[in-house]
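# Fold and contact review
The primary structure of each chain is shown beneath.
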Amino acid sequence: MCSLLTYSKLSGAINHGLVLHRIRSATKLSSSVFPATQSSLFRSAAQKQSQAGLARAPEPVYFPEHIIQGLPQNITHPPVTSKASAQTVDDTLKKSGAVKLQEITKPVIETTSSESAIDTANVPAYHRDSKYDRVPYWQKIGRWKDITEKQFLSYRWGTANDIQGKMKLHDFLREALPENIPQTEEHQHIRTRDDFIKDVMDGIDRAPMSIRIPPHIVSSIDWTKPIEDPLRRQFIPMMSGFQPDHPKLTLDSLHEAEDSPVEGLVHRYHDKCLFLASSHCPLYCRFCTRSYAVGANTSTVTKSSLKPQLRRWEAMLQYIASNPVINDVVISGGDSYSLMPHHLRLIGDRLLAIPHVRRFRIATKGLCVSPSRTLDPEDDWTDELIALVKRGRECGKQIALHTHFNHTNEFSWVSREASQKLFANGVTVRNQSVLLKGVNDSAETMGSLIRELADNNIQPYYIYAGDLVRGVEDLRTPLSSILTLEQQLRGTIAGFMTPQFVVDLPGGGGKRLAASYKSYDRVTGKSTFVAPAVKGGETVYEYWDPLASLPGNGGDMRDEP
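Since we're looking at a predicted model, the values are computed, not measured.

### Topic: the overall build of the protein
Within the protein one finds 19 helices and 16 strands. Evaluated residue by residue, the protein yields a buried proportion of 56% over its 561 residues. Total accessible area on the protein stands at roughly 24100 Å², and carbon and sulfur atoms take up 50% of it.

Spelled out as structure tokens, the structure:
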């Protein structure tokens, strides 16, 4: 059991298995951050898992009283040598002044700032906000000012209150925005709420993706500065932000349809395949590489929808079963969060039953955009995931969850508790981020995100250069940006927590390390790669920088000399 109670002065006091993790505000230590004393909702979910054989009650954690009351440098603790001696150690610890974490929590929470033994001046400011404190951050949205924590953590309530479609977004913006909007250099024409709303409505008419935004993300956007907000930039288009699409762009830029022997199943790599279970997501990203299929039809794109149909899944599963070379499967879409819990179990169990499938990954942005579902005791999706991971381990197969955080503002205390719940139940979580201009394209922002992920036991896995997708040239960065970012970040973060910096090559070349380019002309913006593992070493794949990033901003498209 690992406690989340930490303090910078404790470094000299930690020994013999006293494991301490991040610090919380000393005068307002919420029970939500102590796994041994979880919130009522988290606890009820844990009890539900325990009844299903999915989780065990945590072992008590002991902290000497003088860690709370003062910090002498010489502390000794008798090690626990066996379960049989646990009671003896329990008695010994109590005699020496140690107490259970459960016993110290209440007094610490009730301590006032003047009585607290922990100096709050030494607590970093970034440890005191909605990421750590159990604050009802959704209540800053007028329509949700009376929504309780229990309601907000309900997945059913969340889906019922999604901002979905152009008109619902219009009505929400009229409620949430201030009358006057802070101007920016690029958007000087926007001064009022009406100016901003008109720009957004026109942008939606041009965008290839429809609008759907869950309450967690809506509540995490700073509506007093909507133009610059990194979450708004990701999910809500503005007409004034659009730039001409690159001439080399195609709707299905990765050519997934060409590598689909069965509808919805992409088999590009020799031993891996992509299982597109659905074309539905809890949130629609502007930069989605599957804008050809995901979401509702828009005024510019008629989608090749992939319905969650058993008949289609059966054909995909039969293809996998009949190809012994396939040992790795990614279940995606759309988003695996959109699957019914019993559908997740059905697909997972069928894959586990195929002998040559040794591992599979469940891809979902849900942990990022709708983390409350993981804590909702009335929803079974996470329980099914945990049970599936357990069954996989029992038969020696690995199942992991792949999620998609792009910015630290996407985290809240709900995200942290959801991540901790998955970690405590043995679920491996990895993250894939897309490098986006004005969102996370600085070493400071991306470094903060990587550390936030690591602190939440999420493995930073990939950082992608932005795909060539319709309507998002304003979000794409040149190849040079990801190369520079890697140079700045590598060595500043532990190697095992440093992600791979990659390009998902247009034309079906797959993922290649950004630094492995064969050539790169920064004048034309053209870079070339080869992908030996995909189609041999002879096929050359091209990646193109956004036109606006080229010298002179003129988009010189001449061939490389």
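### Regarding the environment of Phe152
Assignment of secondary structure puts Phe152 in helix H5 (residues 149-152). Aside from chain neighbours lying at most four places away, what touches Phe152 is Tyr137, Trp138, Ile147, Trp157, Pro215, His216, Ser372 and Val414.

### With respect to the packing of helix H11 (residues 310-321) against helix H12 (residues 341-352)
For any two helices packed against each other, one specifies the inter-axial angle together with the distance between the axes. Running from N to C, H11 and H12 cross one another at 20°; their axes reach a closest spacing of 11 Å. By the angle class used here, H11 and H12 are roughly parallel. When you trace H11 past H12, the crossing you get is right-handed. Residues Leu310, Trp313, Glu314, Leu317 and Ile320 of H11 lie in contact with H12, whose contacting residues are His343, Leu346, Ile347, Arg350 and Leu351.

### Considerations on the pairing of strand E6 (residues 272-278)
Every regular strand shows the same layout, with side chains that alternate between the two sheet faces. When you tally the buried positions in E6, you get six out of seven residues, the bulk of the element. Relative to E6, strand E5 (residues 265-266) is paired through two bridges, and the arrangement is antiparallel. Note on E6: the bridge partner recorded for Val266 is Leu274. Counted between consecutive antiparallel strands, the loop separating E5 from E6 contains five residues. For E6 and strand E7 (residues 328-333), the ladder comprises six bridges, and the chain directions are parallel. The partner of Lys272 across the bridge, within E7, is Asp328.

### A few points about the side chain of Ser527
Relative to the assigned elements, Ser527 resides in strand E15 (residues 526-530). Owing to a relative accessible area of 0%, Ser527 belongs among the buried residues under this scheme. Ser527 has contacts with Leu479, Ser519, Tyr520, Tyr541, Glu542 and Tyr543, leaving out every residue within four places of it along the chain.

### Here's the deal with the sheet that holds strand E14 (residues 519-521)
Reading across the sheet, the three strands line up as E14-E15-E16 and stay open at both edges, with antiparallel pairing between neighbours. Of all the strands in the sheet, just E14 and strand E16 (540-544) have a single pairing partner and so form its edges. Taking the axes of each pair of neighbouring strands and ignoring which way they run, one obtains an average angle of 20° across the sheet. One ladder, built from five bridges, connects E15 with E16; its direction is antiparallel. Its bridge partner lying in E16, Ser527 is registered against Tyr543. Along the sheet, helix H18 (residues 479-489) contacts E14, E15 and E16; its crossing angle with E14, the most-contacted strand, is approximately 115°.

### Some points on the nonpolar core
Membership of the largest hydrophobic core comes to 115 residues, with the highest contact counts inside it found for Leu173, Phe275, Ile320, Phe360 and Ile362. Each of domain 1 (142-241) and domain 2 (265-518) accounts for three or more of the residues forming this core. Residue contacts for Ile362: discarding those within four places in its chain leaves Ile331, Ser336, Leu344, Trp381, Leu385, Leu388, Ile399, Ala400, Leu401 and His402. The next biggest cluster of nonpolar side chains, apart from the first, holds six residues, and it includes Val266, Leu274, Leu276 and Ala363.

### Details of the sheet that holds strand E10 (residues 428-434)
Read from one edge to the other, the open sheet built from nine strands follows the order E5-E6-E7-E8-E9-E10-E11-E12-E13, with strand pairing classed as mixed. Edge positions in the sheet fall to E5 and strand E13 (510-513), since each has one partner strand and no second. With five bridges connecting them, strand E8 (residues 359-363) and strand E9 (residues 398-403) associate as parallel partners. Note on E9: the bridge partner recorded for Arg361 is Ala400. Across the sheet, H18 is in contact with strand E11 (459-464) and strand E12 (500-505); its angle to E12 comes to roughly 165°.

### Some remarks on H18
Taken residue by residue, H18 has Leu479, Ser480, Ile482, Leu483, Leu485, Glu486 and Leu489 as its buried positions. Buried residues along H18 sit against helix H17 (443-455), E11, E12, E14, E15 and E16. Phi for Gly491, located one or two positions after H18, is positive at around 100°.

### Some details on the packing of H17 against H18
Two elements in contact, H17 and H18, have axes separated by 10 Å at closest approach and are oriented at 60°. Overall, the two elements H17 and H18 adopt an arrangement that is oblique. Like other packed secondary-structure pairs, H17 and H18 cross with a definite hand, here right-handed. Residue-level contacts link Ala443, Met446, Gly447 and Ile450 of H17 to Leu485, Gln488 and Leu489 of H18. By residue class, the composition of the contact of H17 with H18 is five nonpolar, two polar and no charged.

### So, the side chain of His267
Locating His267 in the fold gives a position in the loop between E5 and E6. According to the relative accessible area criterion, His267 is buried, its value standing at 17%. Of the polar contacts made by the side chain of His267, one reaches the side chain of Tyr319; its length is 2.8 Å. Discounting chain neighbours no more than four positions away, the residues touching His267 are Asp259, Pro261, Lys272, Cys273, Tyr319, Val325 and Ile326.

Cut-offs and rules
- Residues numbered from 1 in each chain as written.
- Predicted model: local features only at pLDDT ≥ 70, side-chain atom pairs only at ≥ 80, totals over all residues.
- Heavy atoms only, no water.
- Helix = DSSP H or I, 4+ residues; strand = E, 2+ residues; numbered from the N terminus.
- Buried < 20%, exposed > 50% of the residue type's maximum accessible area, 1.4 Å probe, protein only.
- Areas by Shrake-Rupley, 256 points an atom, 1.4 Å probe, with all protein chains shown as cover.
- Contact = heavy atoms within 4.5 Å.
- Axes fitted to C-alpha atoms, helices over the stretch in contact; angles between N-to-C directions.
- Parallel < 35°, antiparallel > 145°, perpendicular 65-115°, else oblique.
- Left-handed = near helix turned anticlockwise from the far one by under 90°.
- Pairing = 2+ DSSP bridges.
- Core = buried A, V, L, I, M, F, W, Y, C linked by side-chain atoms within 4.5 Å.
- Domains from an automatic or database assignment.
- Nonpolar A, V, L, I, M, F, W, Y, C, P; charged D, E, K, R; others polar.
- Polar contact = N/O pair within 3.5 Å; in protein donor to acceptor, adjacent residues only side chain to side chain.

As far as function goes, none of this settles anything; it's purely spatial.
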